[in-house]
Amino acid sequence: MFSSKLPNRLSKVGGRFSHQSSDYQYLQRSQIPSMHFQKSLPRLPIPKLEQTCERYLNSQEPLLSNESFQRTKKYVGEFREGPGKHLQELLMTHNANNKNSSYISQPWFDMYLRDRKPLPLNYNPALVYVDDNRPEYNNQLLKAVNLIISSLRFYKSLNGDLLEPEVYHMDPKKSDTKLFRSVCSKVPSALSWYASYLLFNAYPLDMSQYYNLFNTTRFPQVGRDKIEMNKSGKHIVVQYRGNFYVVDVLDNSNNIKPANEILGSIKSILDSRVSPAEFPIGVLTTLDRNDWAKLRLQLVSLGNEKSLSYIDGALFNVCLDGACNKDPINVCRQFLHSDGKNRWFDKSLSLIVTENSSSGINFEHSWGDGVAVLRFLQDIYKDFQANPQVHPGMESNAASESLNKLEFHLDDALKSAIAQASKDYEKVCNSLDVNTVQLEGLGKDICKKFSLSPDAIMQLGFQVAYHKLHGKFVGSYESCSTAAFRYGRTETIRPCTMATKNFALAINSNKSLSNQELLKLIAECSKVHGQLTKNAAMGQGFDRHLFALKLYAKEKIDLYEDDAYKALNYNIISTSTLSSPVITLGAFGPVVPDGFGIAYEIKKDALGVLVTTYLQQANGPDFVAALHKSYEEILSVFKNN
């Protein structure tokens, strides 16, 4: 799915790498301009009202009693024949008059920005890299600097329209080729998508979110936040022990500064061994958004606007943390929430590197989704593996070692607010429980043997496990990208189906079904899930459509007032996967207080799941135990067929 980057050779001048050479400045030099396909990308379709109603009912059937389902069916019929038609006309008209967007992009964006809940645990996810297999590069200083420079090379390639376009190749051997690049680069932008699709069966993806990776922050305001981008920023902000440092990384010509200068700047911060900040203002970004917005106004009134503008306008944030126990649960906690004192959760992207060299990111979610973030992570990882710009024993430029530390003026009220925010955040983080499941033997290979979808098998396990514990089925959510369309965001896959219900009831009961019969039930689950996934990826789910229609409703509508609609959208089981060979761990918090935040990955011959829950709200240990047993039972079916 992710384009391979072109060979990147280092140029030398007089035996030294020239920081002005294109080989240093750019991570990629794509033959096809980065945004070449954007104009011709198809628009996100608005599903037909009849299909949305049918798909909605299919998702409700496994969750409801017969009586409740008949009532919901009645509401859906009335909606389809009555107010739904009018709302569909309004949505279609609005969409036709706004051709430079998608019908969901602004409402979905607005949904994020209006929510007043704190960002950490509720919205910001974390992704953690696998450890570097080169011990000599696996220390905080070298890893941080190499990640910074690779990120800047990505930024320069993107801004220079030289980053490889994101393309999903159905058959990479036929389309991820020199011929593909040569042909598509010559086709006018307005027709380029059609050439890619018709000639090569390759699907360019939307890249409109990529620019928000850099120079962007979520700005807290009462009622509704806003996203601000300051393209003039030539610096990064480095957080160390709760202190903030401004490091200039681009020169006046927008070139990346020499590697030894950036090395000198980061080294001087780490060598300072500065005392932890007495009042770390970063912890204020853990607050309820209205509370934080008011406190930020207080910060500005005390003369801190310039310092805040440095943070807001930075290309990205870098958090240099203390040592972190390498146990997956401790790593999850460090990258997902930490103690908040060395974070700025409003920043669109924060690179995190610990003293013992764990590394990854925490990112603000309103501006974009996993496709852009994962592409960025993969590209910079490959770059600092193949082309590290700083090396063991490399001398730093002493001239760059003066520190530009941000100072903040605080009154007693703000000091008290920071102290209270730290205490409150500690309580919230302590209430989070993190548990993991790993199982060898159940992976992509055995799924392929039976022509089954690995993702469907993972999702089936979640349904079986929940039913084992609670004897019922609940609203479940799986995120699916709609980046195949211009300004696409995500659509929901509803993985609780009649097929998964039938298998769960069979495996969790005392019915003596044969392994062959159970395999047939699993095959049906895979078939149904595969169709739901295809529908969602092609913009043919129902969740976003019903969400958009509801925004046009002026009066109460029975479908939306129905308890069944509210229950479906109260996602007890919320799941997401971003599988990648460079990622060892992903994590996000539960989306409802008594829910399960499930990040998962299925490899060739193993699977891994990380589950977050809130103590006294949901039982994480019991759930992962049931989940492990569920996967063992599924594996047993495979082994006995």
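Procedures and definitions
Residues numbered from 1 in each chain as written. Predicted model: local features only at pLDDT ≥ 70, side-chain atom pairs only at ≥ 80, totals over all residues. Heavy atoms only, no water. Helix = DSSP H or I, 4+ residues; strand = E, 2+ residues; numbered from the N terminus. Rg over C-alpha atoms; globule rule 2.2 N^0.38 Å. Buried < 20%, exposed > 50% of the residue type's maximum accessible area, 1.4 Å probe, protein only. Contact = heavy atoms within 4.5 Å. Phe/Tyr/Trp six-rings, centres within 6.5 Å; stacked < 30°, edge-to-face > 60°. Lys NZ or Arg CZ within 6 Å of the ring centre and 35° of its normal. Domains from an automatic or database assignment. Buried area = accessible area lost by both parts, 1.4 Å probe. Salt bridge = Lys/Arg side-chain N within 4 Å of Asp/Glu carboxyl O. Polar contact = N/O pair within 3.5 Å; in protein donor to acceptor, adjacent residues only side chain to side chain. Nonpolar A, V, L, I, M, F, W, Y, C, P; charged D, E, K, R; others polar. 1 Å grid on protein atoms, 1.4 Å probe; cavity = no way out; pocket = protein on both sides within 12 Å on 5 of 7 lines; lining within 4 Å. Points joined across faces, edges and corners; volume = space filled by probe spheres on them. Expected span 1.5 Å × (residues − 1). Arc of directions from axis to C-beta. Pairing = 2+ DSSP bridges. Axes fitted to C-alpha atoms, helices over the stretch in contact; angles between N-to-C directions.

What follows deals with the overall build of the protein chain. When helices and strands are tallied, the protein chain shows 23 helices and 19 strands. Against the globule reference of 26 Å for 641 residues, the protein chain gives a C-alpha radius of gyration of 25 Å, in line with a compact fold. Evaluated residue by residue, the protein chain yields a buried proportion of 57% over its 641 residues. The contacts of the protein chain with a sequence gap of at least 6 include a subset with a gap of at least 24, amounting to 78%.

A full pass over the atoms with the stated rule returns 29 aromatic pairs. Measuring from ring centre to ring centre gives 5.1 Å for phenylalanine 450 and phenylalanine 638, while their planes differ by 20 degrees; the resulting arrangement is stacked. Within this pair, whereas phenylalanine 450 is found in the loop between helix H16 (444-449) and helix H17 (454-470), its partner phenylalanine 638 is found in helix H23 (residues 620-639), the two being separated by 188 residues in sequence. Both residues of the pair, phenylalanine 450 and phenylalanine 638, count as buried. Ring pairing ties together the aromatic residues Tyr56, Phe79, Phe542, Tyr560 and Tyr565, which thus form one cluster. The ring of phenylalanine 219 carries lysine 226 above its face, with NZ or CZ at 5.1 Å from the centroid. Directly above the ring of tryptophan 108 sits arginine 544, whose terminal nitrogen or CZ lies 3.9 Å from the centroid.

What follows concerns the domain arrangement of the protein chain. We note that the domain assignment places domain 1 (131-160 + 210-364 + 385-431) and domain 2 (441-640) within the protein chain. Once you take the C-alpha centre of each, domain 1 and domain 2 turn out to be 35 Å apart. With five residues of domain 1 at the contact, the number on the domain 2 side is nine residues. Around 540 Å² of area is buried between domain 1 and domain 2 when both sides are counted, 76% of it from carbon and sulfur atoms. By the criterion of area lost to domain 2, the three top residues of domain 1 are Cys332, Leu336 and Ser431, representing 68% of everything that side buries. Our enumeration of links across domain 1 and domain 2 arrives at zero salt bridges. The interface formed by domain 1 and domain 2 contains one residue pair in polar contact (both at pLDDT 80 or more). No other element matches helix H13 (residues 328-336), which puts three residues into the side of domain 1 that touches domain 2. Across the side of domain 1 that touches domain 2, the residue classes break down as three nonpolar, two polar and no charged.

This brings us to empty space enclosed by the protein. Summed over all chains, the structure comprises four cavities of 30 Å³ or more. Of the volumes computed, that of the largest cavity is approximately 50 Å³. For the largest cavity, the full set of lining residues is Leu44, Pro45, Tyr103, Ile104, Thr482, Thr490, Glu491, Gly539 and Arg544. By residue class, the composition of the lining of the largest cavity is four nonpolar, three polar and two charged.

Structurally, the α-helix is built with 3.6 residues per turn, so residues lying three or four positions apart point the same way. Compared with an ideal rise of 1.5 Å per residue, which puts 12 residues at 16 Å, helix H9 (residues 189-200) spans 16 Å between its outermost C-alpha atoms and is within 8% of the ideal. Among the residues making up H9, those that are buried are Ser189, Ser192, Trp193, Ala195, Ser196 and Phe200. Angular distribution of buried residues about the axis of H9 spans 160 degrees; they occupy a single face of the element. On its buried face, H9 is in contact with helix H7 (172-175), helix H8 (178-186) and strand E5 (202-204). Looking one or two places after H9, you find asparagine 201, whose phi comes out positive at around 55 degrees.

To continue, consider the environment of asparagine 356. Within the secondary structure layout, asparagine 356 lies in the loop between strand E11 (349-353) and strand E12 (359-363). Given the relative accessible area of 26%, asparagine 356 is considered partly exposed. Sequence spacing of asparagine 356 and leucine 452 is 96 residues, and the spatial spacing of their C-alpha atoms is 40 Å. Setting aside residues up to four positions removed in sequence, asparagine 356 forms contacts with Ala323, Cys324 and Lys326. Here the side chain of asparagine 356 touches cysteine 324 through a polar contact of 2.6 Å, landing on its backbone oxygen. Within the structure, the side chain of asparagine 356 is placed 2.9 Å from the side chain of threonine 354, a separation counted as a polar contact.

Read from one edge to the other, the open sheet built from seven strands follows the order E9-E8-E10-E11-E12-E3-E17, with strand pairing classed as mixed. Of all the strands in the sheet, just strand E9 (243-248) and strand E17 (583-587) have a single pairing partner and so form its edges. On average, each strand axis in the sheet is tilted by 20 degrees relative to the strand beside it, whichever way the strands run. Sheet topology places strand E8 (residues 235-240) next to strand E10 (residues 317-320); four bridges connect them, and they run parallel.

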